[in-house]
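Each chain, written out:
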Amino acid sequence: QGKVLFLTICAAGIGGTFQYGYNISIINAPTTYIQTFINETWLERTGTSLESSVILLVWSFVVSVFSLGGLTGALIAGPMAIKLGRKTSLLLNNVFVIIAAVLSGFSQMAKSFEMIMLGRFFTGINAGVSMNIQPMYLGESAPKKVRGAVTLTSASFTALGLVLGQVVGIRDLLGGEESWPLLLASNVVPGLIQLVTLPWLPESPRYLLIDRGDKESCICALQKLRGNGDLSSELEEMLAEQAAIKDQRAKSPWELFQNPAVRWQLISIIVLSSAMQLCGNDSMYFYASYVFQEAGIPYDKIQYVIIGTGCCELITAVTCNVIIERAGRRLLILGGYSLMAVWAIVFMVALSQQSRISWIPYLSMACIFAYILSFGIGPAGVTGVLPTEIFDQMSRPAAYMICGSLLWSNLFAVGMAFPFIVEGLGHFCYLPFFTVCVCSALYVAFFLPETKGKTFLEISKEFNKRNFKAQTCEKFWKGPEEIKSTML
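Cut-offs applied
Residues numbered from 1 in each chain as written. Predicted model: local features only at pLDDT ≥ 70, side-chain atom pairs only at ≥ 80, totals over all residues. Heavy atoms only, no water. UniProt positions renumbered as here; feature names shortened; annotations may be inferred. Helix = DSSP H or I, 4+ residues; strand = E, 2+ residues; numbered from the N terminus. Rg over C-alpha atoms; globule rule 2.2 N^0.38 Å. Buried < 20%, exposed > 50% of the residue type's maximum accessible area, 1.4 Å probe, protein only. Contact = heavy atoms within 4.5 Å. Axes fitted to C-alpha atoms, helices over the stretch in contact; angles between N-to-C directions. Parallel < 35°, antiparallel > 145°, perpendicular 65-115°, else oblique. Nonpolar A, V, L, I, M, F, W, Y, C, P; charged D, E, K, R; others polar. pLDDT = per-residue confidence, 0-100. Core = buried A, V, L, I, M, F, W, Y, C linked by side-chain atoms within 4.5 Å. Salt bridge = Lys/Arg side-chain N within 4 Å of Asp/Glu carboxyl O. Disulfide = S-S within 2.5 Å. Left-handed = near helix turned anticlockwise from the far one by under 90°. Phe/Tyr/Trp six-rings, centres within 6.5 Å; stacked < 30°, edge-to-face > 60°. Polar contact = N/O pair within 3.5 Å; in protein donor to acceptor, adjacent residues only side chain to side chain.

Under an unreviewed UniProt entry, the name given to the protein is Solute carrier family 2 member 11, and the source organism is Chelydra serpentina. We quote the UniProt Sequence similarities (unreviewed entry) comment for the protein here in full: "Belongs to the major facilitator superfamily. Sugar transporter (TC 2.A.1.1) family."

What follows is the structure in structure tokens.
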């Protein structure tokens, strides 16, 4: 019964969020070689070498243009999901990664570092589209009782991509001076695997019924995903949602901002999507070597320590998959951000003492591992589940566009600002991230309802209690009644 659903998860994930994690990590290994290539290319063109500050600036753009591509992908993901469908959008999205692989793979041969920049931009578009559409596709394809766990596999594939990217980027494999173009082009392999496997699997049943109005195709997709069991209750729930949003069209992001019926849903995804990057976790993967040098770890050990960080996130992502339907969404996010705030304080204290006590650098390293573990156990995966659960079918693509735009904009901002934060705040470099973690935990504790085990309509009713709180109060008090007589 669950075989087709499992294959759908794997086929969507390998060419989906896997690419996000993989492409974040593979750029770390060849840093020195690409910087040398940029300088040599410029010297050959102009006869003059670039200053080290200019090389660093160009390299920062090579790294950060991935985020700009991701932002572009997030903006086009919504229209793609609406017009083409969830599955078809994921398949066409591989065109971007194929273009990126060709550009990056032949950049050294063509003696053009601009091709690397352009390749990273197209890679970012691919990641931006998949980060939005994959959780939407899986959340709409999964049964209610395992919806959270299935959607959360997006985070597991991101973590798997991080680890494999770090392993493949070891100097003895593809991270060497001669092989770095192959490393940057290796992201085409997961894309090709998805192109071969995903066409055989069904489209989102909810998309087929609610967006297209094709009941027969919806039933056919459900039968493939669920087997030949009783589908009446699930189909009835979909028909109820279809009736609730009858004659509505897919909404734009601007329409969500104007709609009071989704006010608190929108506030929730804005706060939590922003916190995903402003908590500082992903910036570690862009500047992992830099962070561990600050922590006092020997240079020759750093590449193996970095692989350990990726393994931590993978372990916690898989663990979160197992416990999400038992623990619930709120507890995992609240616990994750609370623990991150604690480890941020310990890390700052350890950094301030590392020159005085010999074993303190290893405490600093342990704090980074603990920080990543705490991020992986809740915020990393559960945040991506929420837009699927708290928005209806017509609002969901626009909600993911907003989430994706915030995620990639903040990733770019933190990626650019993090070295300056370290330089300016020194031992207290995690103070801004600590503040974000505390504020996020407080928001979840006071404002985010639990969505575990509830239908989409039940979750909407839960939010409507807060969205229409003023109107609810008016039912019980309509102002002072008119005094018609003063006689006793």
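**Q** Teacher, can you tell me more about the overall build of the protein here?
**A** A tally of helices and strands in the protein yields 26 helices and zero strands. Compactness check: the protein gives a C-alpha radius of gyration of 24 Å against a globular reference of 23 Å for 488 residues, within 12% of the reference. With the C-alpha coordinates aligned to their principal axes, the bounding extent of the protein is approximately 95 × 60 × 40 Å. Across the 488 residues in the protein, those meeting the buried criterion constitute 55%.

**Q** Sorry if this is basic, but what is going on with the UniProt feature "transmembrane region" (unreviewed entry) in the protein here?
**A** As recorded in UniProt, the feature "transmembrane region" (unreviewed entry) lies at residues 54-78, 90-110, 302-324, 331-353, 359-386, 398-422 and 428-448. End-to-end, the C-alpha atoms of residues 54-78 are 37 Å apart, and along that stretch the chain is 100% helix and 0% strand. The distance from the first to the last C-alpha atom of residues 359-386 is 41 Å, and the span holds 93% helix and 0% strand.

**Q** In this structure, what is going on with the side chain of Thr153? I would like to understand it.
**A** Within the element layout of this structure, Thr153 appears in helix α9 (residues 147-168). In this structure, Thr153 is in contact with Ile9, Leu138 and Asn321, ignoring residues within four places of it in sequence.

**Q** Just checking my understanding: could you explain helix α2 (residues 17-25) for this structure?
**A** Most of α2 sits inside the fold, with nine of its nine residues counted as buried. For α2, the set of buried residues is Thr17, Phe18, Gln19, Tyr20, Gly21, Tyr22, Asn23, Ile24 and Ser25.

**Q** Help me understand the packing of helix α3 (residues 31-46) against helix α8 (residues 113-141), please; the structure alone is not making it clear to me.
**A** Helix packing for two helices is described by the angle between their axes and how far apart those axes are. One can describe the packing of α3 onto α8 by two numbers: an axis separation of 9 Å at closest approach and a directional angle of 135°. Here α8 runs oblique to α3, going by the angle between their axes. Contacts between α3 and α8 involve Ile34, Phe37, Ile38, Thr41, Trp42 and Arg45 from the first element and Phe113, Glu114 and Ile116 from the second. Here the contact of α3 with α8 is composed, by residue class, of six nonpolar, one polar and two charged.

**Q** I keep staring at the confidence of the model for the protein and nothing clicks. Help me out?
**A** Detail in the predicted coordinates should be disregarded across regions flagged by low pLDDT. The predicted model of the protein has a mean per-residue pLDDT of 83, with 92% of residues at 70 or higher. pLDDT under 50 marks residues 472-488. Its contacts with residues more than four places away, or in other chains, come to zero contacts.

**Q** Got a minute to help me understand the nonpolar core in this structure?
**A** Across soluble globular proteins, nonpolar side chains have a tendency to be buried as a group. Within the largest apolar cluster, 69 residues are counted, with the highest numbers of intra-cluster contacts made by Tyr20, Tyr337 and Trp408. Counting residues per element, this core draws most heavily on helix α23 (residues 396-425), which supplies eleven residues. For Trp408, the contacting residues outside a window of four places in its chain are Tyr20, Phe66, Ser67, Gly70, Leu71, Ala74, Gly124, Ala127, Gly128 and Met131. Core analysis: the next-biggest nonpolar cluster, separate from the first, contains 46 residues, Ile34, Ile125, Val129 and Tyr137 among them.

**Q** So what exactly am I meant to see when it comes to the pattern of salt bridges here?
**A** Opposite charge on two side chains permits pairing when their charged atoms draw close. Applying the stated rule across the entire model yields nine salt bridges. Residue Arg45 pairs with Glu114 through a salt bridge whose shortest N-O separation is 2.8 Å. Here the residue Arg45 occupies a position in helix α3, and Glu114 occupies one in helix α8, the gap between them amounting to 69 residues. Overall, the relative accessible area of 41% leaves Arg45 in the partly exposed class. Relative accessible area serves as the criterion here: at 33%, Glu114 is assigned to the partly exposed category. The closest approach of N and O atoms between Glu389 and Arg329, which form a salt bridge, is 2.6 Å. Of this pair, Glu389 sits in helix α22 (residues 379-390) while Arg329 sits in helix α20 (residues 329-353), placing them 60 residues apart in sequence. Sharing partners across several salt bridges, the network here consists of Arg86, Glu140 and Arg396.

**Q** Explain the state of the cysteines to me, please; I cannot follow it from the model alone.
**A** A covalent bond bridging the sulfur atoms of two cysteines is what the word disulfide describes. Counted according to the given criterion, the structure contains zero disulfides. Free of any disulfide, Cys403 has its nearest cysteine sulfur in Cys279, 15 Å distant. Residue Cys403 is classed as buried on the basis of its relative accessible area of 8%. The closest cysteine sulfur to the non-disulfide-bonded Cys437 is located on Cys279, 5.4 Å from its own sulfur.

**Q** When you look at the packing of helix α4 (residues 52-84) against α8 in this model, what are you seeing that I'm missing?
**A** At a minimum axis distance of 6 Å, the contact between α4 and α8 shows a crossing angle of 40°. The hand of the α4/α8 crossing is right-handed. Its residues placed into classes, the contact of α4 with α8 shows 21 nonpolar, eight polar and one charged.

**Q** Hey, could you run me through the packing of aromatic side chains in this one?
**A** To describe a pair of aromatic rings, one takes the distance between the centres and the angle between the planes. Per the counting criterion, the structure on display carries twelve aromatic pairs. Relative to Trp408, the ring of Phe66 lies with its centre 5.4 Å away and its plane at 75°, an arrangement referred to as edge-to-face. Of the two residues, Phe66 sits in helix α4 while Trp408 sits in helix α23, which places them 342 residues apart along the sequence. With a centroid separation of 5.3 Å and an interplanar angle of 35°, the aromatic rings of Tyr443 and Phe447 are classed as tilted. Note that Tyr443 and Phe447 are positioned in helix α24 (residues 431-447) at a spacing of four residues, about one turn of the helix. Judged by relative accessible area, Tyr443 falls into the buried class, the value being 8%. You can call Phe447 partly exposed: its relative accessible area is 32%.

**Q** Help me understand unusual backbone geometry in this model?
**A** Despite not being glycine, Lys111 has its phi angle at roughly 55°, a positive value. Among the structural elements, Lys111 can be located in the loop between α7 (107-110) and α8.

**Q** Looking at this structure, how should I read the environment of Arg330?
**A** Mapping Arg330 onto the fold places it in helix α20. Sequence separation of Arg330 and Pro379 is 49 residues, and the distance between their C-alpha atoms is 9.8 Å. For Arg330, the residues in contact, after removing those within four places along its chain, are Val444, Ala445, Leu448, Pro449 and Glu450. Of note is the side chain of Arg330, whose polar atom sits 2.4 Å from the backbone oxygen of Leu448.

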